[in-house]
Amino acid sequence: MTEVTRTAASPLGDTCFLETQFPVAKMSAESYKERKANYSQTLTGLGKWWGRKPLVLCRATILGLLLPETADPRLDREVFLRLMTMDEDGLLRRKSKTIPPARLFACLPPGDRARCFEAGSTETKAKLKRGLSTTEKEELQRRVFLALPYDERLQFCDRPEQIDGPSPESWRVVNAHLGTHASSLPELVVELGKRRFGRVPRVGDAFCGGGSIPFEAARLGCEEYGSDLNPVAALLTWAALNIVGGGPGVAEEVRRAQQEVYDAVDRQVTAWGIEHRTEDVSEAEWHALIARLERGKIGPADVSRRVPRADAYLYCAEVVCPETGWRVPLAPSCVIGEKSRCIARLVPDRENHRYEIEILSGVSEAEMTAAKKGTVRDGYVVHPMLEEQNKQPASITQIRMAGRGRDPRARYDDSGLRLWENDDLVPRPDDVFQERLYCVRWVRAVERRNAKREMVWDTEKEYRAPTQHDLAREQRTLDLLRQRFREWQEKGFLPSMKIEPGDKTNEPIRTRGWTHWHHLFNPRQLLVNGAFAETTICVDVGAATLCTLVLGLGKLAEWNSKLCKWTPAPASEKTEQTFLNQALNPLLNWGSRPLPMVEDNFKFEVQTSGRSEPGTVKPIDARAVSAEVDIWMTDPPYADAVNYPELSEFALAWFGHVLRERFPSWYTDSRRALAVTGSGEDFRRSMVDCYRNLTAHMPDHGLQVVTFTHQDAAVWADLALILWAAGLRVTAAWCVATETESALKEGNYVQGTVLMVLRKQQSGDSVFLDEVYPEIEIEVRRQIDSMRNLDDAREPNFGDTDYQLAAYAAALRVLTGKKIEEIDVAYELNRTRKGGEASPVEEIIRRAVRIACDHLVPRGIDVHLWKSLGPLERLYVKGLEMESHGEYRSGVYQELARGFGAGEYKPLLASTKANQTRLKTASEFGRKEMAGDGFGGSLVRHALFTIFTTVQSEGTREGIAWLKAEVRDYASQRQNLIELLDFFAALRQNGSMPHWHTDAAGADLLAGALRNREDNV
Ligand SMILES: C[S@@+](CC[C@H](N)C(=O)[O-])C[C@H]1O[C@@H](n2cnc3c(N)ncnc32)[C@H](O)[C@@H]1O
């Protein structure tokens, strides 16, 4: 336990914790845990926004900026971890799940196993002894938990935000170290803020998106400011602060209002009879049921117990095949459900030149396989009649063009499609793409006896092809919608906005002729969503609750549009949401959700979290922000391909009018022209303007953190140039892996979120690059040494790539702190670079990486030997060390090659596949790559070759003879060879490198022979 009676450590000047250290490995694990929580993350439930930052990272950043650096870096770190509840004490407080017995068993030594487990227990099936006391069980849990690696411990923990902060013991340690008197994070933040800025710290984000940063700042007790160019982002941030942060009172009102609106819409939809199989009961019975529903005698659920209700509608586009004249339903696959083994089968209707669609469940494997081949293959329409008539398939593009100019009064797109008009709610009969309902899944209520022999309600689901009754319900839905359409559009209950053409928004126009946002929805979706909007306006609630209901309308749109894919996968058999990818791509077949299936979308759960009074939130261009804050933490739209303005118009079309009423001072369009996007000169100029403005709106000792996605040195250089030009200097940078596993797997480069810490530039004389280089060299080494000194050998905080990235940061720290004679920042920013041409800043970063690579001597290799190796030799040895740490990304080798200035390194690789890249073993090299003065003639290559001969001949004699004959100055290289062979021999202990085991044994044998002087030298 830490001694807590000591006096407070004095801060070392103005420097903050985040400028000197950051527990990146633990932060990566925490961010990953939060991301994996998906919809149960605190803010994601409010609505879709792309690129949300994990709250835990925002919390760590703000605390890291407020905490001072002291003369005791280890205690600084301990205090930081305690505040984040990422230390042992905090993790034990967060532990909410029990470690299963088999896991306990696997982690315990034999003595404990015998003492605590029943005989016969194994690592897969274990049972704790009956007589163990609760204390003994708790102690077992505690011991095993604390022995697990950090990321495994997190599997049994809540997130830091889900518990009530550090323990009283931790507060004693924190206060003793910092000289503070806090017992909660907000109290500490206020104390630290007053010390650093003379007031409660003000934290702002001018690119706030979904609001993570202002929300976390508010929760920590800061005065927060949040703005974003996009009003949807501003609304989400406002909601985060006022709804999630509004406390239990707001949450309760929200829950009540959501239920009230949902129930009203449910009664209405039930009474319309558009989702029930009314033909299953007599007309008289149906009317009687509805009459009782309307009198409030029964609820919609009672109606559904008597009459089956739909829980999925499946639609597809249909076109006329120009070759055969037949109408063909379009679907890339005819499989509807993999678990229910349900498929759609086309049955020719020769009289009408169309296909009936049969729905079959529980089909054979062969039928499932056949159904996987749909009617659209590689952009061509393929159907049974083509084969019968011996005709060739037509492409969708040809079919589209065939529709050109059919109606002389209509407007047409270049793609050949008629452009829909506002009043078009379904395709016109002449349109190329018709829309067809081809399957309905029904839910039937059945009574069953449960285990206690009581009668309970259960449900059975069934897919069926639509009948005449279903088609009549489709027509009734359309009629009901038509009766309301004009009025609902005027009142803003239905979208009336035109789709502005753009990168993403061209897609619906070009591929379907849809010109207005409501064209992305079918009549069912419009009628039900419109009914929700109409009912929402009528409920009497406060602003926060009204906004939640409005966000609910956005979610209904997102989960129930014609862009919602139907997924037949066994675990799902359900409709996905619109934004599966960051695009607006119309589908050939899609699912539509009846009311019960959107219940959870509309009645989304509002999590609550205590906070202080909400600060300012508004939509505004970052260039025009005038708020004064102490800390800007921003996550600009940099190097991300998300087209925020265009995608957000999908939601704005649904709730823009409410925003106008509720926030009269806000604008309600997406301001496409002002959005910072792309990567060219215009983009860089806008970014400089944004950051110059933010820098002007912070005090001289203010701090900024800019986050961006790490890709390569060019991205860093570009951003550093922008921030440098905006009057900022880099003081530190850390890279945290925030992406989930799948995202990481896709990227083959070193991926992660970089946090760049910045301060205002101070005026100073300009210097020449030559004068800066030595300083960069010293700084890179200092940075790496300080990280290594602080690192924990048992649980390393930094990986190999962290050291390289630290070199980037160190170089930028030196560079951006000065004016450099040879670098004209404004000129460099405006210059269009040819492909592959590096900016001077990029050159400097690369140089820094080289310094770092040279400084990072692999463990087991002596500095002198390291210095004597050539670039490819270093790449090989360092690469093997990284592989032994589980590194298989190809981008890492690319970075290493650049870092060492090594040329063609690919011949050294056994595999170049994404995430499987590794170096050849000695045996895989065999006799190859032996030529030339480069790697072929190097000491490392000779060592590898002799390992190969040792393995081949099962003896050392041939190898030793080779070394004596081929290695120049063998006697003086002998010791180096032993060292290299020892290095390779050590790979034998690495369980994840089985491909090295035989060669490593050979290396061991050979090293032993040389050491025993079997070479007689
Ligand atoms: C990467 S996102 C921020 C995500 C956010 N940190 C979160 O956690 O949700 C970048 C944001 O910048 C906004 N943006 C783009 N151009 C802008 C401008 N000129 N001024 C202010 N915000 C802008 C976008 O609307 C987008 O929300």
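Quick caveat: nothing in here was measured; it's all calculated off a predicted structure. (Residues numbered from 1 in each chain as written. Predicted model: local features only at pLDDT ≥ 70, side-chain atom pairs only at ≥ 80, totals over all residues. Heavy atoms only, no water.)

Caption draft 1: Inspection of the overall build of the protein at higher detail. A tally of regular secondary structure across the protein gives 39 helices and 26 strands. C-alpha atoms of the protein, sized along the principal axes, occupy 105 × 75 × 75 Å. A total of 1017 residues make up the protein; the buried ones form 57% of that total. Counting every atom, the protein has about 42800 Å² of accessible surface; 48% of that belongs to carbon and sulfur. When the 135 positive and 145 negative side-chain charges of the protein are each reduced to one mean point, those points stand 3 Å apart. (Helix = DSSP H or I, 4+ residues; strand = E, 2+ residues; numbered from the N terminus. Buried < 20%, exposed > 50% of the residue type's maximum accessible area, 1.4 Å probe, protein only. Areas by Shrake-Rupley, 256 points an atom, 1.4 Å probe, with all protein chains shown as cover. Lys, Arg positive; Asp, Glu negative; His and termini not counted. Charge placed at Lys NZ, Arg CZ, Asp CG, Glu CD.)

Caption draft 2: Inspection of the sheet that holds strand β9 (residues 354-360) at higher detail. Taken in spatial order, the three strands line up as β7-β8-β9 in an open sheet, and their pairing is antiparallel. Each of the sheet's edge strands pairs with one partner strand only, and the pair in question is β7 (335-337) and β9. Between one strand and the next, the sheet's axes are offset by a mean angle of 35°, whatever the strand orientation. Bridge analysis of strand β8 (residues 342-349) against β9 gives seven bridges, and the strand direction is antiparallel. Residue pairing in the sheet places Ile-343 in a bridge with Leu-360 of β9. Contacting β7 and β8, helix α16 (residues 365-372) runs over the sheet at an angle of about 70° to β8. (Pairing = 2+ DSSP bridges. Axes fitted to C-alpha atoms, helices over the stretch in contact; angles between N-to-C directions. Contact = heavy atoms within 4.5 Å.)

Caption draft 3: Quick peek at the nonpolar core. Core analysis: the biggest nonpolar cluster contains 184 residues, and Phe-22, Tyr-691, Trp-716, Tyr-876, Leu-944 and Phe-984 have the highest contact counts within it. Residues within four places of Phe-22 in sequence aside, it is in contact with Met-27, Leu-57, Ala-60, Phe-80, Trp-734, Val-736, Leu-755, Asn-797 and Phe-798. (Core = buried A, V, L, I, M, F, W, Y, C linked by side-chain atoms within 4.5 Å.)

Caption draft 4: The arrangement of the packing of helix α28 (residues 769-790) against helix α29 (residues 800-816) in detail. At a minimum axis separation of 8 Å, α28 and α29 run at an interaxial angle of 140°. Of the possible angle classes, the one that applies to α28 and α29 is oblique. Of the two possible hands of crossing, α28 and α29 adopt the one that is right-handed. For the pair α28 and α29, contact is made by Leu-769, Val-772, Glu-775, Ile-776, Glu-779, Val-780, Arg-782, Gln-783, Ile-784, Met-787 and Arg-788 and by Asp-802, Tyr-803, Ala-806, Ala-807, Ala-810, Ala-811, Arg-813, Val-814 and Leu-815, respectively. Broken down by class, the residue content of the contact of α28 with α29 amounts to 13 nonpolar, one polar and six charged. (Parallel < 35°, antiparallel > 145°, perpendicular 65-115°, else oblique. Left-handed = near helix turned anticlockwise from the far one by under 90°. Nonpolar A, V, L, I, M, F, W, Y, C, P; charged D, E, K, R; others polar.)

Caption draft 5: Up close: the site of the ligand. Residues in contact with the ligand amount to 25 residues; listed here are only the nearest, Lys-53, Gly-210, Asp-228, Ala-622 and Val-676. Note that an oxygen atom of the ligand is positioned 2.8 Å from one of the backbone N or O atoms of Gly-210. Residue Val-676 places a main-chain N or O atom 2.9 Å away from a nitrogen atom belonging to the ligand. About the coverage of the ligand: the protein hides 98% of its 600 Å² of free accessible area. (Near = heavy atom within 4 Å. Polar contact = N/O pair within 3.5 Å; in protein donor to acceptor, adjacent residues only side chain to side chain.)

Caption draft 6: Structural detail: helix α10 (residues 185-197). Between its first and last C-alpha, α10 extends 17 Å over 13 residues, near the 18 Å set by a 1.5 Å rise per residue. Buried within α10 we find Leu-185, Leu-188, Val-189, Leu-192, Gly-193, Arg-196 and Phe-197. For α10, the angular spread of buried residues about the axis comes to 130°, placing them on one side. Phi for Gly-198, located one or two positions after α10, is positive at around 80°. (Expected span 1.5 Å × (residues − 1). Arc of directions from axis to C-beta.)

Caption draft 7: Highlighting the packing of aromatic side chains. Per the counting criterion, the structure on display carries 34 aromatic pairs. Between Trp-50 and Phe-579 the ring centres are 5.2 Å apart and the planes differ by 90°, which places this aromatic pair in the edge-to-face class. Residue Trp-50 is located in the loop between α1 (24-36) and α2 (55-66), and its partner Phe-579 is located in the loop between β16 (574-575) and β17 (589-592); the two are separated by 529 residues in the primary sequence. No difference in accessibility class separates Trp-50 from Phe-579, as the two residues are buried. A centroid spacing of 5.1 Å and a plane angle of 85° characterise the contact between Phe-105 and Phe-117, whose relative ring orientation is edge-to-face. In this pair, Phe-105 is assigned in helix α5 (residues 101-107) and Phe-117 in the loop between α6 (110-116) and α7 (134-147), connecting sequence segments 12 residues apart. A residue is classified by how much of its surface remains accessible, and Phe-105, at 8% relative accessible area, is buried. (Phe/Tyr/Trp six-rings, centres within 6.5 Å; stacked < 30°, edge-to-face > 60°.)

Caption draft 8: A look at empty space enclosed by the protein. Counted by the stated rule, this structure contains 11 cavities of 30 Å³ or more. Counted as a void, the largest cavity has a volume near 150 Å³. In terms of lining residues, the largest cavity is bounded by 17 residues, among which Gly-47, Lys-48, Val-232, Glu-558 and Ala-651 are the most central. Looking at the lining of the largest cavity, the elements with two or more residues in it are α12 (231-242), α22 (543-559) and α24 (644-662). (1 Å grid on protein atoms, 1.4 Å probe; cavity = no way out; pocket = protein on both sides within 12 Å on 5 of 7 lines; lining within 4 Å. Points joined across faces, edges and corners; volume = space filled by probe spheres on them.)

Caption draft 9: Up close: a negative patch on the surface. Negative charge collects at one region of the surface, where Asp-770, Glu-771, Glu-821 and Glu-822 lie side by side. In this structure, Asp-770 sits in helix α28. For Asp-770, a relative accessible area of 61% gives the class exposed. (Patch = residues over 30% accessible without salt bridge, like charges linked within 9 Å, V, L, I, M, F, W, Y side chains within 5 Å. Salt bridge = Lys/Arg side-chain N within 4 Å of Asp/Glu carboxyl O.)

Caption draft 10: Just the sheet that holds strand β21 (residues 728-736), in detail. With mixed pairing, the seven strands of this open sheet are ordered in space as β18-β4-β3-β19-β20-β22-β21. Only two strands of the sheet have a single partner each, and these edge strands are β18 (616-619) and β21. Averaged over all adjacent pairs, the angle separating strand axes in this sheet is 20°, with direction ignored. Pairing analysis gives four bridges linking strand β19 (residues 631-634) to strand β20 (residues 703-710), with the strands arranged parallel. Paired with Ile-631 across the bridge in β20 is Leu-703. Of the strands in this sheet, β20, β21 and β22 (752-760) touch α29, which is tilted by about 175° from β21.

Caption draft 11: Up close: the environment of His-855. Along the chain, the position of His-855 falls in helix α31 (residues 840-855). Sequence separation between His-855 and Glu-777 is 78 residues; the distance between their C-alpha atoms is 10.0 Å. Leave out the neighbours within four places in its chain, and His-855 touches Arg-781, Ile-784, Asp-785 and Arg-788.

Caption draft 12: Geometry of the confidence of the model for the protein. Summarising the model, the protein shows a mean pLDDT of 91, and 97% of its residues fall at 70 or more. A low-confidence stretch, residues 1-5 stays under pLDDT 50, and its non-local contacts, those more than four residues away or across chains, total eight contacts. Confidence drops under pLDDT 50 across residues 742-750; counting only partners more than four residues distant or on other chains, this segment forms 21 contacts. (pLDDT = per-residue confidence, 0-100.)

Caption draft 13: Layout of the pattern of salt bridges. For the structure shown, the criterion picks out 72 salt bridges. The closest approach of N and O atoms between Lys-53 and Asp-635, which form a salt bridge, is 3.7 Å. One end of the pair, Lys-53, is in the loop between α1 and α2; the other, Asp-635, is in the loop between β19 and α24, with 582 residues separating them in the sequence. In this structure Asp-635 comes out as buried when scored by relative accessible area, which is 19%. With a shortest N-O distance of 2.7 Å, Arg-441 and Asp-311 are connected by a salt bridge. One end of the pair, Arg-441, is in strand β13 (residues 434-449); the other, Asp-311, is in strand β5 (residues 309-320), and 130 residues separate them in sequence. For Arg-441, a relative accessible area of 6% puts it in the buried group. One continuous salt-bridge network, built from bridges that share partners, spans Asp-407, Arg-409, Arg-418, Glu-421, Asp-424, Arg-428 and Asp-431.

Caption draft 14: Main features of the environment of Gly-542. Structurally, the position occupied by Gly-542 is in the loop between α21 (523-538) and α22. Judged by relative accessible area, Gly-542 falls into the partly exposed class, the value being 30%. For the pair Gly-542 and Val-254, spaced 288 residues apart in the sequence, the C-alpha separation amounts to 9.3 Å.

Caption draft 15: Region of the structure containing unusual backbone geometry. Of note in the backbone geometry, His-353 takes a positive phi value of approximately 55° without being a glycine. Considering the arrangement of structural elements, one finds His-353 in the loop between β8 and β9. By relative accessible area, His-353 is classed as partly exposed at 37%. Despite not being glycine, Asn-390 shows a phi value in the positive range, around 55°. Tracing the backbone through its elements, the reader meets Asn-390 in the loop between α17 (384-388) and β12 (394-395). The exposure class assigned to Asn-390 is exposed, which follows from its relative accessible area of 71%.

Caption draft 16: The arrangement of the packing of helix α9 (residues 168-178) against α10 in detail. Orientation of α9 relative to α10, taken along the N-to-C sense of each, is 5°, at an axis distance of 13 Å. The angle between α9 and α10 falls in the class roughly parallel. On α10, the residues touching Trp-171, Val-174 and Leu-178 of α9 are Leu-185, Leu-188, Leu-192 and Arg-195. Within the contact of α9 with α10, the residues separate by chemical class into six nonpolar, no polar and one charged.

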